[in-house]
Amino acid sequence: MRCGVYVHIPYCSRKCDYCAFHSITHWTALAEHALIDKIVSDAMVFSNREAGSAAPPVEAKTLYIGGGTPSTLGPGQLARLISGVTAALGRPEEITCEANPESATAKFLAEAGEAGVTRLSIGVQSLFPRLCTVIGRRPTHVKELERIRSEWQGVLAADLIIGIPGQTTDDLMADVTQLVEMGFSHLSIYDLSVESDTPLARRVASGRVVIPEDGPDWPAVCTTLARFGFVRYEVSNFALPGHESQHNLGYWRSEPYVGLGPSAVSTLPVGDGARRLVQTTDHARFLCTHPFHDAEVEVLDGATLLTEFLMLGLRIPEGVSLRRFRSKFGGELAEFFGRCLTDLEKHGMLVLDEHALRPTARGMDMLNGTLVDLLSNATRGAPG
Ligand code: SF4
């Protein structure tokens with residue numbers, strides 16, 4: 001079974017105030033070494049080359065190393081990780097590694113290139129120090145990115161945040177323009193999300209930080225990126241043609257994926273449904289668990305799969321394939337949603353043709369409302 005493979009590196013040099021991802025800020029070289037060994041041994045289990053495997057053998061379609069901050073890994077560890085995982089699961093064409101500017105040193109970039117990383121995804125968030133202070137993140141300096149650009153030969157991607165208190169349209173446009181002119185060919189622009197139990201959530205709750213109702217002018221940002229030749233190939237993701245993340249497209253197409261490392265999630269088909277496996281966040285426990293037998297398991301029934309299939313598939317302009325819908329859910333999409341589909345088409349949110357149900361640009365901007373309309377008006381339930 002060809003799957004996207006995600007590896008979670010649970011280390012960060014410091015914790016950003018808005019972040020709810022699993023990571024720790026203190027660890028030893030020994031612990032890091034043991035963690036990489038365990039991730040490689042779990043990859044062997046998923047490859048079915050180890051006794052005790054409970055799923056069809058997995059072959060990596062893409063490999064994505066995220067976290068956490070993979071660039072905090074010590075010398076040689078990223079190379080060891082990639083060579084171990086690809087020996088078990090095969091070497092895909094696309095290998096992405098996330099990095100933060102301060103730890104993406106010349107040595108790290110050289111090691112990543114030699115190990116076969118093809119895309120480097122840099123956490124930028126904002127190039128304005130005052131905005132980084134608001135969200136409790138170390139500022140990224142343009143000089144750091146210029147150095148990375150000169151030392152990295154592969155594809156360069158960056159993450160930005162929209163909706164930071166005090167962020168203007170001009171601020172975001174300046175960041176986007178700067179990154180494009182520097183040679184970044186993939187930009188992800190995510191809404192600031194206030195995650196519970198984070199320092200940012202506490203500042204919002206106490207009134208010290210106020211989340212604005214209106215942020216930067218999103219349509220203007222989309223228009224500027226289109227002028228630079230970037231295609232909006234997902235609600236929040238833009239790329240020059242050919243530079244889309246194949247790994248993330250796999251999620252939006254509801255393809256199976258394997259997650260390796262503490263807190264990592266896998267979703268694998270089983271019979272008519274699917275199983276979601278979540279690995280523990282306890283590092284000591286992670287080292288002695290079996291990735292199938294000891295993972296937290298969620299059984300996904302037909303209704304859940306149908307909801308996820310639409311929620312993910314309508315995030316991308318290619319939309320939901322009618323053929324895949326038929327083979328997954330045993331019926332025509334129009335039978336499930338009837339009149340509501342026609343209404344959403346009339347309102348310019350969706351387009352249905354003989355191959356797919358696709359969101360319009362307006363439909364992508366108002367995706368939550370579109371999904372609520374669609375799912376609450378389903379005339380037929382999913383099997384299972
Ligand atoms: S560097 Fe990334 S993963 Fe680490 S705390 Fe900050 S946002 Fe979270």
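Residues numbered from 1 in each chain as written. Predicted model: local features only at pLDDT ≥ 70, side-chain atom pairs only at ≥ 80, totals over all residues.

Peer 1: What is the right way to read the site of the ligand from this model?
Peer 2: Near the ligand you find Cys12, Lys15, Cys16, Cys19, Phe21, Ser23, Gly67, Gly68, Thr69, Asn100 and Gly123, and these make up its full shell. Along the lines of polarity and charge, the residues of the shell around the ligand split into four nonpolar, six polar and one charged. (Near = placed C-beta within 6 Å. Nonpolar A, V, L, I, M, F, W, Y, C, P; charged D, E, K, R; others polar.)

Peer 1: It is not clear to me how the pairing of strand S5 (residues 155-162) should be interpreted in this structure. Could you clarify?
Peer 2: Looking along a regular strand, one sees side chains alternate from face to face of the sheet. Burial within S5 is extensive, with six of its eight residues counted as buried. Sheet topology note: the S5/strand S6 (residues 186-191) ladder contains six bridges and is parallel. Within S6, the residue paired with Asp159 across the bridge is Ser188. A crossover connection joins S5 to the parallel S6 through helix H6 (residues 169-182); in handedness this β-α-β unit is right-handed. (Buried ≥ 20, exposed ≤ 12 C-beta atoms within 10 Å, placed from the backbone. Helix = DSSP H or I, 4+ residues; strand = E, 2+ residues; numbered from the N terminus. Pairing = 2+ DSSP bridges. Right-handed = clockwise from strand over helix to strand, strands pointing away.)

Peer 1: So what exactly am I meant to see when it comes to the packing of H6 against helix H8 (residues 218-227) here?
Peer 2: Two quantities define a packed helix pair, namely the angle between the axes and the distance from one axis to the other. Between H6 and H8, whose axes approach to 10 Å, the crossing angle comes to 20°. The angle between H6 and H8 falls in the class roughly parallel. Crossing angle aside, the handedness with which H6 passes H8 is right-handed. For the pair H6 and H8, the contacting residues are Thr169, Leu172, Met173 and Val176 in the first and Ala220, Val221, Thr224 and Leu225 in the second. Looking at the contact of H6 with H8 residue by residue, the classes come out as six nonpolar, two polar and no charged. (Axes fitted to C-alpha atoms, helices over the stretch in contact; angles between N-to-C directions. Parallel < 35°, antiparallel > 145°, perpendicular 65-115°, else oblique. Left-handed = near helix turned anticlockwise from the far one by under 90°. Contact = placed C-beta atoms within 7 Å.)

Peer 1: What's the story with the sheet that holds strand S14 (residues 350-352) in this structure? I'm lost.
Peer 2: Consider a sheet: its strands pair through backbone hydrogen bonds, and that pairing is either parallel or antiparallel. Overall, antiparallel pairing links the three strands, which are arranged S13-S15-S14 in an open sheet. Each having just a single partner strand, strand S13 (320-321) and S14 make up the two edges of the open sheet. Here S13 pairs with strand S15 (residues 356-359) via two bridges, running antiparallel. Within the sheet, the bridge partner assigned to Ser321 lies in S15 and is Ala356.

Peer 1: Explanation requested: the nonpolar core in the structure shown.
Peer 2: Across soluble globular proteins, nonpolar side chains have a tendency to be buried as a group. Counting 74 residues, the largest nonpolar core has Val5, Val7, Ile39, Val85, Leu120, Ile122 and Leu187 as its most contacted members. The dominant element in this core, judged by the number of residues it contributes, is helix H1 (residues 29-46), at seven residues. Contact partners of Val5, with chain neighbours within four places excluded, come to Ala60, Thr62, Leu63, Val85, Leu89, Val258 and Leu260. The next biggest cluster of nonpolar side chains, apart from the first, holds 18 residues, and it includes Leu306, Phe309, Phe329 and Leu350. (Core = buried A, V, L, I, M, F, W, Y, C linked by C-beta atoms within 7 Å.)

Peer 1: How should the domain arrangement of the protein be read in this particular structure?
Peer 2: It is common to give the size of an interface as the accessible area lost on bringing the parts into contact. With domains assigned, the protein is organised as domain 1 (2-251) and domain 2 (314-384). Placing the centre of domain 1 and that of domain 2 at their C-alpha centroids yields a distance of 30 Å. (Domains from an automatic or database assignment.)

Peer 1: Help me understand the pairing of strand S10 (residues 265-270), please; the structure alone is not making it clear to me.
Peer 2: Pairing between S10 and strand S11 (residues 273-278): six bridges, direction antiparallel. Residue pairing for S11: Val270 is matched across the bridge by Gly273. In textbook terms, the turn of a hairpin is the stretch between consecutive antiparallel strands, and for S10 and S11 this stretch comprises two residues, one of which, Gly271, has a positive phi near 55°.

Peer 1: Quick question: what am I supposed to make of the environment of Thr118 here?
Peer 2: Among the secondary structure elements, Thr118 is positioned in the loop between helix H3 (106-115) and strand S4 (119-125). By the C-beta count within 10 Å, which is 18 here, Thr118 ends up partly exposed. As for Thr118 and Glu94, which are separated by 24 residues in sequence, their C-alpha atoms are 5.9 Å apart. In contact with Thr118, other than residues within four places in its own chain, are Glu94, Ile95, Gly154 and Val155.

Peer 1: Help me understand H6 in this model?
Peer 2: For an α-helix, the turn length of 3.6 residues means that residues three or four places apart are oriented alike. Taking 1.5 Å of rise per residue, the 14 residues of H6 would be expected to cover 20 Å, and the 20 Å separating its terminal C-alpha atoms lies within 8% of that figure. Those residues of H6 that sit buried are Leu172, Asp175, Val176, Leu179 and Val180. Looking down the long axis of H6, one finds its buried residues gathered within 125° of arc, a one-sided arrangement. Exposed and facing more than 90 degrees away from the buried side of H6 are Asp170 and Glu181. Summarising the contacts, the buried residues of H6 are in contact with S4, S5, S6 and H8. (Expected span 1.5 Å × (residues − 1). Arc of directions from axis to C-beta.)

Peer 1: Please explain the packing of H1 against helix H2 (residues 77-89) as it appears in this structure.
Peer 2: At a minimum axis distance of 8 Å, the contact between H1 and H2 shows a crossing angle of 10°. It follows that H1 is roughly parallel to H2 by the angle criterion. Contacts between H1 and H2 involve Glu32, Ile36, Ile39, Val40, Ala43, Met44 and Phe46 from the former and Gln77, Arg80, Leu81, Gly84, Val85, Ala88 and Leu89 from the latter. The class makeup of the residues in the contact of H1 with H2 is 10 nonpolar, two polar and two charged.

Peer 1: How do you make sense of the environment of Val351 when you look at a structure like this?
Peer 2: As for its position among the elements, Val351 is in strand S14. Of the residues examined, Val351 has 15 C-beta atoms within 10 Å and is grouped as partly exposed. With 251 residues separating them in the primary sequence, Val351 and Asn100 have C-alpha atoms 39 Å apart. If we skip the residues at most four places from it in the chain, Val351 touches Glu345, Arg358 and Thr360.

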